[in-house]
Amino acid sequence: MATFAKPENALKRAEELVNVGQKQAALQALHDLITSKRYRAWQKTLEKIMFKYVELCVDMRKGRFAKDGLIQYRIICQQVNVSSLEEVIKHFMQLSTERAEKARTQVQALEDALDVEDLEADKRPEDLMLSYVSGEKGKDRSDRELVTPWFKFLWETYRTVLEILRNNSKLESLYAMTAHRAFQFCKQYKRTTEFRRLCEIIRNHLANLNKYRDQRDRPDLTVPESLQLYLDIRIEQLKIATDLELWQEAFRSVEDIHGLMSMVKKSPKPSLMVVYYAKLTDIFWVSDSHLYHAYAWLKLFTLQKSYNKNLSQKDLQLIASSVLLAALSVIPYDQKHGASHLELENEKERNLRMTSLINFSLDPKGESRGVLSRASLLAELTNKGVMTCVSQEVKDIYNLLENEFLPLDLAMRVQPLLAKISKLGGKLSSASSVPEVQFSKYNPALEKLTTLRVLQQVSQVYQSIKIESLLKMIPFFDFSVVERISVDAVKYNFLAMKVDHLKGTVLFGNVDIESEKLSDHLAILADSLNKVRNLISPPLRKESKLGVSYDLAEIVDKEHKRLLARKFIIEKRKEEHERQMLEMEREEESKRLKLQKVTEEAEQKRLAEEYIRREEQRIHREIEERELQEAQALLLETQKGAKKKGKKPLLEGEKVTKQTLIEMALNEQLKERQELEKKLQKLAKTMDYMERAKREEEAQLIEQAFQQRLVEEKILHEREQLKEIELSRQHHAGDLQEKNRLARMLGQKEIFQQRIVIRREAEYNQLKKEREDKINQIVTMRKREREIKRKLLYYLKSEEERLTRQQEEEEARKREEEERRKIEDAERKAKLDAIAERQRQRERELEEKEQLRREALRKPTEPLPHPTGLASAPPEPVTAAAASPASAAPAAGKYVPKFLRDRSEGQRAAAAPPESDRWGRKDERPPPPGSGDRWTSENRRPSFGGPRAASSSSWSRTRN
């Protein structure tokens, strides 16, 4: 196993090996680097290595290597940079798809190349023997060798990616995209085996998510976005299953979708529900569950009518007609008649299951809750308004089969209508999930229903009928088919008939020995014979055979009751044991969840603190880098501006701070702005001159145009006025003629008006009386309401006063406590202030003592002036002290070089005793640079009578 100091070295080594043709060695080197525990911190170089790694895996079709590498890379960047893992996986799938498509384009006969039952199965022994025995290799075999391996690898890629992303909440969208691409792969190449396996994989992933809820990064299905992604996957799975005609897998997909929808209270989008019910109609129709097929159509109609605003009237009519035809296709009798108790229980459970799948609920009252039937379905169609949207032909069929009694010509009337509706279906314009509706598939069921209705109505009219006459009434089927239909109807107690083939007749009525009235004839006969025997020879003793039989019956009854009681007790014990086990499991689960919650909170707190610390460091670092970059940019801009304007640019060696550069840049901008304002003022003045000149030239032309416009408008006004006068005269003449014509019917108008007035007065009086009565009722009712309201307000007011008193008392108590606390705080603060004041007083006294001590140390070094104005010869110590640069140089009026001043200052500092601070400690720190200079802060301090004043006065006297 090769080790590398840096990941970049491994990448370079892999590229070198690839260039010399050793791809396996390069892949192994990268694999060792990725799986090594040494490089567990994510960096950008690892992403480049992963890109190269997946490219090698795809080139060599190493699916296991790719899976191991992606799992290790997921561990590395799970908590740091998940987007990097997403990019690597997308690149991996893109490479696999491109290589598979490239292989497919190289081979023309794709269907023969993919004629394999299972992409995960290895070659069969007979295939290997055939390939070695036969010398020639046909086109089919070459296709298998070129195309099939790449599609196997592509399928393995999809499985690997789904396995890696199955419990990652941050890559849910990529998981959904991969699932969709895998579904399209199965659909495009008709891979039914792989599709079943893919559905099982996705189903197991969801089961594991619900089972292991304590995983750290598992997707939360209670979040609407996550649930929507998983629902989209299941909807796509349902579509592909119906397209591939895998009806069992489609039904399981429906159950998966229903389970996801039941996990949250919020209902999914109507578009998804439309697809769901549309596919349910196909599944139920294929499984001959016509009743549930019709209920699914009803739910689909309700959704489309409620939520699809773009649904046209024609599309709504086609969907409503499909609903009614599906309801009519349901068999009109109950197939549970005569079934055993176990079969009835199974059927009831199946009905409840199907009812929950189609999300349909009946009246909760009654024993048949959740059980659907044909009668309830037809009632629902009427209540939901389906019958108003149905086409006329379908409505005529419904009326003939459900409401009319025409035993002789019912089938003759239905047959042309069936021929019409079989041509009515077609494509829908707006319902995308139901692209096409075909009515012709309902014809066999409707013909069967017509046959049953004819037989039912004929049985109510005739007791017997010839078979030839019956066949004329039913033109759809032969008599063998009619006989098979009638057998099922008699079996489930819908008809009572018997066929006599010898006479060629059909007999109706309760003639069968298994009919409802004769079903218990043997029991009745036995009871009658027992009574006759008891009357002929009554029993003498209780111990007769008949009595023994009765005793045996009682014993059997008691034993049966005892067994039932024992069974009940056992079931109760089982339930109690299961309840105890569930409680124990629940307690253990709660303890585990609490411990896990505490651990997660501690980990989250640690991660949050670590994240905050890293963010602060990053922010400080960015601020420093930004300030450095801004200072450099300002320096460059300042130098460029100085070069352009002929100014001396700043040298790099000069000490230039950021503030200085900003001030220089602002000054330059201010100068440029002032120059620009001067140019704008000059331009504005020029524009004013030009505008004034133009207006002076335009004034005469505007006046001429105005005079000409006045003349034209005056002529136009006179013409319009003459035309208006002429029109007024014509209107007046016409109005006079109309008045003369209408004056003849003035009397009739007054009579009609008086009649209308009298009638309206009567109506007004009646309405006024009714209104007064109503007002009186309202006044009485309002008086009563005011009285009730007054009492309620009095109660509320008294209650509010009581609460207010309580609140005021509570506030008073709080104020007293607050005042007491303030007094205590004030006293404590006064004590602290007194202590602080005493401390400051001691510090001031120490400072004054220290200042007096320093002044006492400085006084012997001051030169004394001579009475005659000349400098006298001082003693030897005084001369040595006056030779320092701070005093001798000004006194002599001569220039002293800097190195001599530094040397003398060093000697004086070495000779001076160390100065102790005010706390009694000696100051052992070195003197600051430039402390011996005469321009120090101590010398600059203004002092009257101090050393500086004395030295300056001495220097002035010496010059004089």
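Owing to the predicted nature of the structure, the values given are computational and were not obtained by experimental measurement. (Residues numbered from 1 in each chain as written. Predicted model: local features only at pLDDT ≥ 70, side-chain atom pairs only at ≥ 80, totals over all residues. Heavy atoms only, no water.)

## A few points about the overall build of the protein chain
Thinking step 1. Per the secondary structure count, the protein chain includes 32 helices and five strands.
Thinking step 2. Each of the 960 residues in the protein chain was classed as buried or not, and the buried ones make up 28%.
Thinking step 3. Partitioning the intrachain contacts of the protein chain with sequence separation of at least 6 by distance along the chain shows that 71% fall at a separation of at least 24.
Thinking step 4. Per element, the accessible surface of the protein chain, about 67,700 Å² overall, is 54% carbon and sulfur. (Helix = DSSP H or I, 4+ residues; strand = E, 2+ residues; numbered from the N terminus. Buried < 20%, exposed > 50% of the residue type's maximum accessible area, 1.4 Å probe, protein only. Contact = heavy atoms within 4.5 Å. Areas by Shrake-Rupley, 256 points an atom, 1.4 Å probe, with all protein chains shown as cover.)

## Digging into helix α12 (residues 224–243)
Thinking step 1. Helix length check: α12, at 20 residues, gives a terminal C-alpha distance of 28 Å against a target of 28 Å (1.5 Å per residue), a fit within 8%.
Thinking step 2. Within α12, 14 of the 20 residues are buried, leaving the element largely enclosed by the surrounding structure.
Thinking step 3. The positive-phi residue at the C-terminal boundary of α12 is glutamate 245, with phi of around 60°. (Expected span 1.5 Å × (residues − 1).)

## A short note on the side chain of arginine 453
Thinking step 1. By the element assignment, arginine 453 lies in helix α21 (residues 443–461).
Thinking step 2. Apart from residues lying up to four places away in sequence, arginine 453 is in contact with Pro332, Arg374, Leu401, Glu402, Leu410 and Phe494.

## Side note on helix α20 (residues 410–421)
Thinking step 1. Here α20 is 12 residues long and its end C-alpha atoms lie 17 Å apart, about the 16 Å a rise of 1.5 Å per residue gives.
Thinking step 2. Those residues of α20 that fall on the buried side of the exposure criterion are Leu410, Ala411, Val414, Leu417, Leu418 and Ile421. Looking straight down α20, one finds that the buried residues subtend no more than 125° of arc, so they occupy a single side.
Thinking step 3. Those residues of α20 that are buried are in contact with α16 (313–328), α19 (392–402), α21 and α22 (467–473). (Arc of directions from axis to C-beta.)

## Observations regarding the confidence of the model for the protein chain
Thinking step 1. Confidence in the prediction of the protein chain, expressed as mean pLDDT, is 76, and 74% of residues score 70 or more.
Thinking step 2. Helix α28 (residues 876–882) is the least confidently modelled element of the protein chain, averaging 38 in pLDDT, while helix α27 (residues 746–858) averages 92, the highest of any element.
Thinking step 3. Every residue in residues 109–113 is under pLDDT 50, and counting partners more than four places away or in other chains gives 11 contacts.
Thinking step 4. Segment residues 861–893: pLDDT under 50, and 25 contacts once partners within four positions in sequence are set aside and those in other chains are kept. (pLDDT = per-residue confidence, 0-100.)

## A short note on the pairing of strand β4 (residues 497–500)
Note on strand geometry: in a regular strand, side chains alternate between the two faces of the sheet.
Thinking step 1. Across four bridges, β4 lies against strand β5 (residues 505–508) in antiparallel orientation. The residue of β5 that forms the bridge with methionine 497 is phenylalanine 508.
Thinking step 2. Here β4 folds back onto β5, and the loop between the two strands holds four residues, one of which, glycine 504, carries a positive phi near 70°. (Pairing = 2+ DSSP bridges.)

## Looking at the sheet that holds β5
Adjacent strands of a sheet pair through backbone hydrogen bonds, lying either parallel or antiparallel.
Thinking step 1. Taken in spatial order, the three strands line up as β3-β5-β4 in an open sheet, and their pairing is antiparallel. Looking at which strands have only one partner, the edges of the open sheet turn out to be β3 (464–466) and β4. Pairwise comparison of adjacent strand axes, ignoring direction, gives a mean angle of 20° for this sheet. (Axes fitted to C-alpha atoms, helices over the stretch in contact; angles between N-to-C directions.)

## Here we look at the packing of aromatic side chains
Thinking step 1. Here the structure, examined in full by the defined rule, presents 15 aromatic pairs.
Thinking step 2. Both rings, one in phenylalanine 151 and one in tyrosine 189, keep their centres 4.9 Å apart while their planes meet at 75°; by these two values the pair is edge-to-face. Here phenylalanine 151 is found in helix α9 (residues 148–165), whereas its partner tyrosine 189 is found in the loop between α10 (172–188) and α11 (192–211), with 38 residues between them in sequence.
Thinking step 3. Through a chain of ring-to-ring contacts, the aromatic side chains of Phe151, Trp155, Tyr158, Phe185 and Tyr189 assemble into a single cluster.
Thinking step 4. When the ring centre of tryptophan 150 is taken as reference, the NZ or CZ atom of arginine 61 above it lies at 4.9 Å. (Phe/Tyr/Trp six-rings, centres within 6.5 Å; stacked < 30°, edge-to-face > 60°. Lys NZ or Arg CZ within 6 Å of the ring centre and 35° of its normal.)

## Observations concerning the side chain of serine 84
Thinking step 1. Summarising the element assignment, serine 84 is placed in helix α5 (residues 82–106).
Thinking step 2. A residue is classified by how much of its surface remains accessible, and serine 84, at 2% relative accessible area, is buried.
Thinking step 3. Here the side chain of serine 84 touches tyrosine 73 through a polar contact of 2.3 Å, side chain to side chain.
Thinking step 4. The residues contacting serine 84, other than those within four sequence positions of it, are Trp42, Glu47 and Tyr73. (Polar contact = N/O pair within 3.5 Å; in protein donor to acceptor, adjacent residues only side chain to side chain.)

## Observations concerning the packing of α5 against α9
Thinking step 1. The geometry of α5 relative to α9 is characterised by a closest axis approach of 9 Å and an angle of 165° between their N-to-C directions. In terms of orientation, α5 lies roughly antiparallel with respect to α9. In this structure, α5 meets α9 at a crossing whose hand is left-handed. Of the residues in α9, those in contact with Ile89, Phe92, Met93, Ser96, Thr97, Arg99, Ala100, Ala103 and Arg104 of α5 are Trp150, Phe151, Phe153, Leu154, Thr157, Tyr158, Val161, Ile164 and Leu165.
Thinking step 2. By residue class, the composition of the contact of α5 with α9 is 13 nonpolar, three polar and two charged. (Parallel < 35°, antiparallel > 145°, perpendicular 65-115°, else oblique. Left-handed = near helix turned anticlockwise from the far one by under 90°. Nonpolar A, V, L, I, M, F, W, Y, C, P; charged D, E, K, R; others polar.)

## Looking at the pattern of salt bridges
Thinking step 1. Evaluated as defined, the whole model comprises 38 salt bridges.
Thinking step 2. Between arginine 741 and glutamate 738 there is a salt bridge, and its shortest N-O distance comes to 2.4 Å. A residue pair is termed a helical-turn pair when its members lie 3 or 4 positions apart in one helix, as arginine 741 and glutamate 738 do in helix α26 (residues 658–742) at three residues.
Thinking step 3. Judged by its relative accessible area of 35%, glutamate 738 falls in the partly exposed class.
Thinking step 4. Arginine 813 serves as the salt-bridge partner of glutamate 817, at 3.0 Å between the closest nitrogen and oxygen. On the criterion of helical spacing, the pair formed by glutamate 817 and arginine 813 is a turn pair, its members being four residues apart in helix α27.
Thinking step 5. Of the residues examined, glutamate 817 reaches a relative accessible area of 32% and is grouped as partly exposed.
Thinking step 6. The class for arginine 813 is partly exposed, based on a relative accessible area of 37%. (Salt bridge = Lys/Arg side-chain N within 4 Å of Asp/Glu carboxyl O.)

## Details of a nonpolar patch on the surface
Thinking step 1. Where nonpolar side chains cluster on the molecular surface, the patch consists of Phe405, Leu408, Val461 and Tyr462 and spans about 360 Å² of accessible area.
Thinking step 2. Inspection of the secondary structure puts phenylalanine 405 in the loop between α19 and α20.
Thinking step 3. For phenylalanine 405, a relative accessible area of 42% puts it in the partly exposed group. (Patch = residues over 30% accessible without salt bridge, like charges linked within 9 Å, V, L, I, M, F, W, Y side chains within 5 Å.)

## Thoughts on the pairing of β5
Thinking step 1. Of the pairings in the sheet, the one linking β3 to β5 comprises three bridges and is antiparallel in character. Its bridge partner lying in β5, isoleucine 465 is registered against valine 506.

## Quick notes on the nonpolar core
Thinking step 1. The biggest cluster of nonpolar side chains holds 160 residues, and the ones touching the most others in it are Ile89, Phe183, Phe195 and Tyr276.
Thinking step 2. The element best represented in this core is helix α14 (residues 270–286), accounting for 11 residues.
Thinking step 3. Residues in contact with tyrosine 276, not counting those within four places in the same chain, are Ile235, Leu238, Val254, Ile257, His258, Met261 and Leu357. (Core = buried A, V, L, I, M, F, W, Y, C linked by side-chain atoms within 4.5 Å.)

## Description of unusual backbone geometry
Thinking step 1. Non-glycine residue lysine 190 carries a positive phi angle of around 55°.
Thinking step 2. Here lysine 190 lies in the loop between α10 and α11.
Thinking step 3. Of note, the phi angle at glutamate 245 is positive, near 60°, even though the residue is not glycine.
Thinking step 4. Note that glutamate 245 resides in the loop between α12 and α13 (247–261).

## Notes on the state of the cysteines
Thinking step 1. Tallied over the entire structure, the rule returns zero disulfides.
Thinking step 2. For the unlinked cysteine cysteine 186, the closest cysteine sulfur is that of cysteine 199, found at 7.8 Å. (Disulfide = S-S within 2.5 Å.)

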